[in-house]
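Commentary on secondary and tertiary structure
Okay, here's what each chain looks like letter by letter:
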Amino acid sequence: CAYQWRIQSVQQVTLAELTRKVETTQLALRDATNLLRRADDQVMQLDARLSDSRASLRTNEQALAAQRRESQRLQFSVATHERLISEYKQAVAGLETKLKEAYAGIEKQNVTIKSLVSQRDELATKLNASIQDRNDVVARYNALVKQVEQMQAAQTNGPPPETKP
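Residues numbered from 1 in each chain as written. Predicted model: local features only at pLDDT ≥ 70, side-chain atom pairs only at ≥ 80, totals over all residues. Heavy atoms only, no water.

1. A few points about the overall build of the protein chain
Where we set the bar: To qualify as a helix, a DSSP run of H or I must reach at least 4 residues; to qualify as a strand, a run of E must reach at least 2; elements of each kind are numbered from the N terminus. Between buried and exposed lies partly exposed: a residue is buried under 20% and exposed over 50% of the maximum accessible area for its type, with that area taken using a 1.4 Å probe on protein chains only. Surface accessibility follows the Shrake-Rupley procedure with a 1.4 Å probe radius. Residue values consider only the protein chains on display as shielding.
Summing up its helical and strand segments, the protein chain has one helix and zero strands in all. Here the C-alpha coordinates of the protein chain stretch approximately 215 × 30 × 15 Å along the principal axes. For the protein chain, buried positions account for 1% of its 165 residues. Entry remark: accessible area of the protein chain is about 15,400 Å², with carbon and sulfur atoms responsible for 58%.

Below, the structure is given as structure tokens:
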């Protein structure tokens, strides 16, 4: 009986130790399970964030592609406008040259017209003087004709003939 008591006591100690080990293992297992659940939750959160980040990345890539296309379109537009501006500048330079030539021609014409006006005025003055001289000659001639008529009338003692104005 003592022997049996001894075996039972050793078995009880061993059982107590094993029970403690089981409890410790269960506690550790529970802690590990809780830790695993938290880790799973974190993984799911990280997975959701990763999905959001991937969606955001796709959106950003699409926006970036759209902006690159717009940038290329604008660069092409700028190149086109620069070419047009260059053409307009050349056209303006050509027109300015033609305008300067036209202004020079107009200036020459103005000088020629002033000279012609001066010559015309001089000829008009000479013509007026010549006409005035001829009018004076005609007036003297008419006065002389009147004198001659008066003298003839005085010789014939008749009334003077009527003159036509």
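From this point, the discussion proceeds with the structure in view.
2. Details of the pattern of salt bridges
This is how it is decided: Any carboxyl oxygen of Asp or Glu within 4 Å of a side-chain nitrogen of Lys or Arg constitutes a salt bridge here.
Within the structure shown, the criterion is met by four salt bridges. Of the charged contacts, one joins arginine 73 and glutamate 70 as a salt bridge, the two residues approaching to 2.5 Å between their closest N and O atoms. With a gap of three residues between them, arginine 73 and glutamate 70 both fall in helix 1 (residues 2-156), about one helical turn apart. Residue classification places arginine 73 among the partly exposed positions, given a relative accessible area of 47%. A relative accessible area of 35% means that glutamate 70 is categorised as partly exposed. As a salt-bridge pair, aspartate 121 and arginine 120 come within 2.9 Å of each other at their nearest N and O atoms. For aspartate 121, a relative accessible area of 37% translates into the label partly exposed.

3. Observations concerning the environment of arginine 49
Examined against the element boundaries, arginine 49 turns out to sit in helix 1. Judged by its relative accessible area of 57%, arginine 49 is exposed. Distance from arginine 49 to alanine 32, taken between C-alpha atoms, is 25 Å for residues 17 residues apart in sequence.

4. Observations concerning the environment of threonine 59
Mapping threonine 59 onto the fold places it in helix 1. Once the C-alpha coordinates of threonine 59 and alanine 48 are considered, the two residues, eleven residues apart in sequence, prove to be 16 Å apart.

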